[in-house]
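Listed below are the residues making up each chain.
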Amino acid sequence: MSKSGEMNEPSFYERVYDVVRRVPPGWVVTYGQVAACLGAPRSSRAVGYALRALAAGNDVPWHRVVNHRGQISLRYPTESPMLQRLLLEDEGVRFDTQSRIDLTTYRWHPEEAGT
DNA sequence: GAGATGACGGGCT
DNA sequence: AAGCCCGCCATCT
């Protein structure tokens, strides 16, 4: 990404970011939810790919996105997963003894939020 | 243009 | 309940 096309295309990335930005503090969504919200319920992996490309200093609450098991999928930098957990706990999200989030309680439903 | 990658999801064992 | 495998999709090399 160094040629033309990194800031002029409303790519999937932007849409993903836009959805994630709507997630209120203290709530979480799964990659699949974000994908479904974009009209591509099968693009969950692509969503993760988009978030991976996020640069530091952005206004996207990426930490509110977890996998369908309610766990943090990050395994990259050793600190990122811990950071995500700290950010969520700071917002009131509780983790069980298995470092897992109860999606039945914290899962945010965009359709209920209205658009 | 083709092959490989990845912050996933669902189903089966 | 937890783990393993396969399939999807957008992007990268």
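Refer to the structure printed above.
Rules of the game
- Residues numbered from 1 in each chain as written.
- Chains lettered and ligands numbered in written order.
- Predicted model: local features only at pLDDT ≥ 70, side-chain atom pairs only at ≥ 80, totals over all residues.
- Heavy atoms only, no water.
- Helix = DSSP H or I, 4+ residues; strand = E, 2+ residues; numbered from the N terminus.
- Buried < 20%, exposed > 50% of the residue type's maximum accessible area, 1.4 Å probe, protein only.
- Contact = heavy atoms within 4.5 Å.
- Near = heavy atom within 4 Å.
- Polar contact = N/O pair within 3.5 Å; in protein donor to acceptor, adjacent residues only side chain to side chain.
- Core = buried A, V, L, I, M, F, W, Y, C linked by side-chain atoms within 4.5 Å.
- Phe/Tyr/Trp six-rings, centres within 6.5 Å; stacked < 30°, edge-to-face > 60°.
- Nonpolar A, V, L, I, M, F, W, Y, C, P; charged D, E, K, R; others polar.

Visitor: Which parts of the structure should I look at to understand the overall build of chain A?
Guide: A count of helices and strands for chain A gives six helices and two strands. Scanning chain A from its N terminus toward the C terminus, one meets helices and strands in the order α-β-α-α-β-α-α-α. In chain A, buried positions account for 35% of the 115 residues. Excluding contacts between residues fewer than 6 apart, the proportion of contacts in chain A whose partners are at least 24 apart in sequence is 64%.

Visitor: Can you walk me through the protein's contact with DNA strand C in this structure?
Guide: Surrounding DNA strand C, one finds 10 residues, the nearest of these being Ser-43, Arg-45, Ala-46, Tyr-49 and Gln-98. Among the atoms of DNA strand C close to the protein, meaning within 4 Å, 71% are from sugar or phosphate groups. A distance of 2.4 Å separates a phosphate oxygen of DNA strand C from a polar atom in the side chain of Gln-98. Arg-100 has a polar side-chain atom sitting 3.3 Å from a phosphate oxygen of DNA strand C. Take the surface near DNA strand C: its biggest share by element is three residues, from helix H3 (residues 44–52).

Visitor: Would you mind showing me how to read the nonpolar core here?
Guide: Soluble, globular proteins show a tendency: their nonpolar side chains are buried together. Grouped together as the largest cluster of nonpolar side chains are 17 residues, with contacts concentrated most on Val-16, Tyr-17, Val-20, Val-34 and Leu-51. Elements supplying a minimum of two residues to this core: helix H1 (12–22), helix H2 (31–37) and H3. The next biggest cluster of nonpolar side chains, apart from the first, holds nine residues, and it includes Leu-88, Val-93, Phe-95 and Leu-103.

Visitor: Would you explain the packing of aromatic side chains in this entry?
Guide: Describing an aromatic ring pair means giving the distance of the ring centres and the angle of the ring planes. Applying the stated criterion across every chain, the model contains one aromatic pair. Residues Tyr-13 and Tyr-17 carry aromatic rings whose centres are separated by 6.1 Å and whose planes lie at 45° to one another, so their mutual orientation is tilted. Taken together, the positions of Tyr-13 and Tyr-17, both in helix H1 and four residues apart, correspond to about one turn of that helix. On the basis of relative accessibility, which here comes to 29%, the residue Tyr-13 falls in the partly exposed class.

Visitor: What is the right way to look at the protein's contact with DNA strand B in this model?
Guide: Surveying the vicinity of DNA strand B reveals 17 residues, the closest of which are Arg-45, Leu-51, Arg-52, His-68 and Ser-73. A share of 41% is what sugar and phosphate atoms reach among the atoms of DNA strand B within 4 Å of the protein. Here a base nitrogen of DNA strand B and a side-chain polar atom of Tyr-31 are 3.2 Å apart. Between DNA strand B and Arg-45, the relevant distance is 2.8 Å, taken from a base nitrogen to a side-chain nitrogen or oxygen of the residue. No other element matches H3, which puts seven residues into the surface near DNA strand B. Across the surface near DNA strand B, the residue classes tally to seven nonpolar, seven polar and three charged.

Visitor: Looking at this structure, I do not really get the side chain of Asn-67. What am I missing?
Guide: The topology assignment puts Asn-67 in the loop between strand S2 (65–66) and helix H4 (79–90). Side chain to side chain, Asn-67 and Ser-73 meet in a polar contact 2.9 Å long. Among all residues touching Asn-67, those that are not within four sequence positions of it are Thr-30, Tyr-31, Ser-73 and Leu-103.

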